[in-house]
Amino acid sequence: KHHVTGNADFTVPASAAPIFSTGTNIFTDTTLYSDVTLPASASFSAFHSLDEEFDLMLDILWTQWSVFDELRIKYDNPEQPDSVTTENYQDQWRVALGGRYLVNDELVLRLGTAYDQKAVKSSKYRTPRIPDSDRLWVSLGLGYSLAKNVGLDLGYSHLFVNDASINNTFESSQFSMNHTLKGDYDSSIDIFSAQLTVNF
């Protein structure tokens, strides 16, 4: 559970200023806060050595994303209505399989794949902030012992992200400013990593 605080700085265009300049204090600078519950998770992992050189690994992860039903920002100005985004996330599964090959005492090679299920199940609740969709991970890496107490690890992952559509209506009915964003996302992700480990 997180309690987040901050500041809202509003800029009202000159053409709209007369509408909000009399009888109301909305769209004036104020402090704000939000209470967010992030999900619990549970995982099952297995490790098996097929022989002295090759190891096989499995990981299954469940994440309770259904607790994230909305993102609500509350303003300390009582006249400023809450800013609400309905998230309606659903619980999610991730399954990963990996292998490790010990080439020699200095070099180890790694290869893995994972299927990462989306938490957003409907285009109605997909937002431009997080265009979530199912993902397939393909990863490879290596570890090399530079010295007795120094190791270098390099890794690369590519995520194939399924195309996702959006048909999301901005929730601002109090001011009759509703608008709907429709479209499609075509996404992919590349992750590079490097780590130097020194043991004392």
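The present account deals with the structure reproduced in this document. (Residues numbered from 1 in each chain as written. Predicted model: local features only at pLDDT ≥ 70, side-chain atom pairs only at ≥ 80, totals over all residues. Heavy atoms only, no water.)

1. Overview of the sheet that holds strand E3 (residues 41–49)
Sheet strands pair via backbone hydrogen bonds, and the direction of the pair is either parallel or antiparallel.
Logical step 1: Reading across from one edge, E3-E4-E7-E8-E9-E10-E13 is the order of the 7 strands in this open sheet, with antiparallel pairing throughout. With one partner strand each, in any of the chains shown, E3 and strand E13 (188–198) form the two edges of the open sheet. Averaged over all pairs of adjacent strands, the angle between their axes in this sheet comes to 15°, without regard to strand direction.
Logical step 2: Relative to strand E9 (residues 135–147), strand E8 (residues 107–116) is paired through 10 bridges, and the arrangement is antiparallel. Bridge pairing in E9 links Tyr-115 to Leu-136. (Pairing = 2+ DSSP bridges. Helix = DSSP H or I, 4+ residues; strand = E, 2+ residues; numbered from the N terminus. Axes fitted to C-alpha atoms, helices over the stretch in contact; angles between N-to-C directions.)

2. With respect to the packing of aromatic side chains
Logical step 1: Counted by the stated rule, this structure contains 6 aromatic pairs.
Logical step 2: Summarising the aromatic geometry, the rings of Phe-68 and Tyr-89 are spaced 5.0 Å apart at their centres and angled 90° between planes, so their arrangement reads as edge-to-face. Taken as a pair, Phe-68 in the loop between strand E4 (54–63) and strand E5 (70–75) and Tyr-89 in the loop between strand E6 (83–86) and strand E7 (92–102) lie far apart in primary sequence, 21 residues in all.
Logical step 3: Members of the aromatic cluster, each reached through a chain of ring pairs, are Phe-10, Phe-27 and Tyr-75. (Phe/Tyr/Trp six-rings, centres within 6.5 Å; stacked < 30°, edge-to-face > 60°.)

3. Considerations on the side chain of Asp-55
Logical step 1: Structurally, Asp-55 is set in strand E4.
Logical step 2: Given a relative accessible area of 4%, Asp-55 falls into the buried group.
Logical step 3: A polar side-chain atom of Asp-55 sits 2.7 Å from a polar atom in the side chain of Ser-49.
Logical step 4: A polar contact of 2.9 Å, which involves the side chain of Asp-55, links it to the side chain of Arg-100. (Buried < 20%, exposed > 50% of the residue type's maximum accessible area, 1.4 Å probe, protein only. Polar contact = N/O pair within 3.5 Å; in protein donor to acceptor, adjacent residues only side chain to side chain.)

4. Some points on the layout of surface pockets
Logical step 1: Counted as a void, the second largest pocket has a volume near 370 Å³.
Logical step 2: Contributing elements (two or more residues each) for the lining of the second largest pocket: E4, E7, E8, E9 and strand E10 (150–161).
Logical step 3: Top contributing element to the lining of the second largest pocket by residue count: E7, with 6 residues.
Logical step 4: Looking at the lining of the second largest pocket residue by residue, the class counts come to 8 nonpolar, 8 polar and 4 charged. (1 Å grid on protein atoms, 1.4 Å probe; cavity = no way out; pocket = protein on both sides within 12 Å on 5 of 7 lines; lining within 4 Å. Points joined across faces, edges and corners; volume = space filled by probe spheres on them. Nonpolar A, V, L, I, M, F, W, Y, C, P; charged D, E, K, R; others polar.)

5. As for the sheet that holds E6
Logical step 1: Spatially, E1-E2-E5-E6 is the arrangement adopted by the 4 strands of the open sheet, whose pairing is antiparallel. Edge positions in the sheet fall to strand E1 (2–8) and E6, since each of these pairs with one other strand and no more. On average, each strand axis in the sheet is inclined to that of its neighbour by 20°, with strand direction left out of account.
Logical step 2: As paired strands, E5 and E6 are joined by 4 bridges and run antiparallel to one another. Across the sheet, Leu-71 pairs through a bridge with Thr-85, a residue of E6.

6. Describing a nonpolar patch on the surface
Logical step 1: Side chains of Tyr-144, Leu-146, Leu-196, Val-198 and Phe-200 sit close together on the surface and give an oily, nonpolar patch of about 610 Å² of accessible area.
Logical step 2: Mapped onto the nonpolar patch, the elements with two or more residues apiece are E9 and E13.
Logical step 3: When you line up the elements, Tyr-144 lands in strand E9.
Logical step 4: Note on Tyr-144: relative accessible area 38%, which makes it partly exposed. (Patch = residues over 30% accessible without salt bridge, like charges linked within 9 Å, V, L, I, M, F, W, Y side chains within 5 Å. Areas by Shrake-Rupley, 256 points an atom, 1.4 Å probe, with all protein chains shown as cover. Salt bridge = Lys/Arg side-chain N within 4 Å of Asp/Glu carboxyl O.)

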